[in-house]
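# Residue-level structure breakdown
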Amino acid sequence: MELNKIEILLEKYFQGETSIAEENELRNYFSSLNVAQHLEQYKPMFGYFPLVKEQMLKQEIPLLPIPKFRDGDKKHHVVWLSIAASVVVLLGIGTYVFYNYDNANEKQDLGTYDDPEVALKETQKALALLSNNVNVGIESVYYIQEYQDSKELIFKQ
């Protein structure tokens, strides 16, 4: 009966559905000497976790020293930092004003024509391009209709 319970726990373990208590029970089973022959393959896996848990890093990690500023140096850095921030803000404001000023002063071309004859020719050209594309779309509808007619001949409904 215990072997059946261990197999069920193993299945739950691999599905990720076990509790901590059930995992401890599996570790205890696989650390014992009476492990079933067909479950021997899982013994190293459950024996590995306690070994790794006890391992400690013995090598020291060197830490970089924190630079110490003298009072004058710290103030010096703060001054330069504030000057740099001011320059960045002024450049941002200047760029914003420059681009908005240019856009406001530009005469926006809305595609209007002073001469009615030129406007008529341009409108006819645009409508001709549009009608060519619409005609291509209508031709594809004819193909679909032909397909529909053929389908109705083959599959009489």
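For the structure given in this document, a descriptive report is provided here. (Residues numbered from 1 in each chain as written. Predicted model: local features only at pLDDT ≥ 70, side-chain atom pairs only at ≥ 80, totals over all residues. Heavy atoms only, no water.)

### Notes on the nonpolar core
The condition that has to hold: What we call a nonpolar core is a set of buried Ala, Val, Leu, Ile, Met, Phe, Trp, Tyr and Cys residues that are connected through their side-chain atoms within 4.5 Å. Note on exposure labels: buried denotes an accessible area under 20% of the residue type's maximum, exposed denotes more than 50%, and partly exposed covers the range between, all computed with a 1.4 Å probe on protein chains only. Each helix is a run of H or I in the DSSP string that is no shorter than four residues. Each strand is a run of E no shorter than two, and both are numbered from the N terminus. Here a residue-residue contact requires only that any non-hydrogen atoms of the pair lie within 4.5 Å.
With 10 residues, the main nonpolar core is built from I6, L9, L10, L26, Y29, F30, V35, A36, L39 and F46. Those elements giving two or more residues to this core turn out to be α1 (2-15) and α2 (20-31). Beyond its immediate sequence surroundings of up to four residues, A36 is in contact with L3 and Y29.

### A closer look at the packing of α1 against α2
Two measures define how a pair of helices packs: the angle their axes make with one another and the distance between the axes. The condition is simple: Orientation is described by lines fitted to C-alpha atoms, with helices fitted over the stretch in contact, and by angles between N-to-C directions that extend from 0 to 180 degrees. Roughly parallel here means an angle under 35 degrees, roughly antiparallel means over 145, roughly perpendicular means 65 to 115, and every remaining angle is called oblique. Should the near helix be turned anticlockwise from the far one by less than a right angle, the crossing is termed left-handed; should it be turned clockwise, right-handed. Each residue gets one of three labels, nonpolar for Ala, Val, Leu, Ile, Met, Phe, Trp, Tyr, Cys and Pro, charged for Asp, Glu, Lys and Arg, and polar for the others, Gly among them.
At their nearest, the axes of α1 and α2 sit 10 Å apart, and the two run at 125° to each other. Judged on the interaxial angle alone, α2 and α1 are oblique. Two packed elements cross with a definite hand, and for α1 against α2 that hand is left-handed. Along its contact with α1, which presents E2, L3, K5, I6, L9, L10, K12 and Y13, the element α2 presents E22, E23, E25, L26, Y29 and F30. Tallied by class, residues from the contact of α1 with α2 come to eight nonpolar, no polar and six charged.

### A look at the side chain of E23
Structurally, E23 is set in helix α2. A residue is classified by how much of its surface remains accessible, and E23, at 18% relative accessible area, is buried. When residues no more than four places from it in sequence are discounted, the contact partners of E23 are Y13 and T18.

### Side note on the side chain of T18
Selection criterion: Each polar contact in these results corresponds to two N or O atoms within 3.5 Å; when the atoms are within protein, one needs to be able to donate a hydrogen and the other to accept it, and residues that are neighboring in sequence are counted only if both atoms are side-chain atoms.
Position of T18 relative to the elements: it lies in the loop between α1 and α2. A distance of 3.0 Å separates the side chain of T18 from the side chain of E23, its partner in a polar contact. Contact partners of T18, with chain neighbours within four places excluded, come to L9, K12, Y13 and E23.

### Here we look at a nonpolar patch on the surface
This is how the line gets drawn: Surface patches are defined over residues having more than 30% relative accessible area and no salt bridge, joining like charges when they lie within 9 Å and nonpolar side chains (Val, Leu, Ile, Met, Phe, Trp, Tyr) when within 5 Å. Methods summary: accessible areas were calculated by the Shrake-Rupley approach with a probe of 1.4 Å, and residue burial reflects only the protein chains presented. The rule for a salt bridge is simple: a side-chain nitrogen of Lys or Arg has to be within 4 Å of a carboxyl oxygen of Asp or Glu.
Taken together, V79, W80, I83, V87 and L91 make up a surface patch of nonpolar side chains, about 490 Å² in accessible area. Note on placement: V87 falls in helix α4 (residues 71-105).

### Quick look at the packing of aromatic side chains
Note the cut-off: The aromatic pairing rule takes the rings of Phe, Tyr and Trp, using the six-membered ring of Trp, and pairs them if the centres are within 6.5 Å, calling planes under 30 degrees apart stacked, those over 60 edge-to-face and the rest tilted.
Throughout the structure, instances matching the rule amount to five aromatic pairs. Summarising the aromatic geometry, the rings of F14 and Y42 are spaced 5.4 Å apart at their centres and angled 50° between planes, so their arrangement reads as tilted. Of this pair, F14 sits in helix α1 while Y42 sits in the loop between α2 and α3 (43-54), and the two are 28 residues apart along the sequence. Since its relative accessible area comes to 23%, Y42 is described here as partly exposed. Each ring, one from F30 and one from Y42, has its centre 6.5 Å from the other, and the planes form 75°; the classification is edge-to-face. Of this pair, F30 sits in helix α2 while Y42 sits in the loop between α2 and α3, and the two are 12 residues apart along the sequence. With a relative accessible area of 2%, F30 lands in the buried category. In textbook terms, an aromatic cluster arises when at least three aromatic residues are bridged by ring pairs, as seen for Y13, F14, Y29, F30 and Y42.

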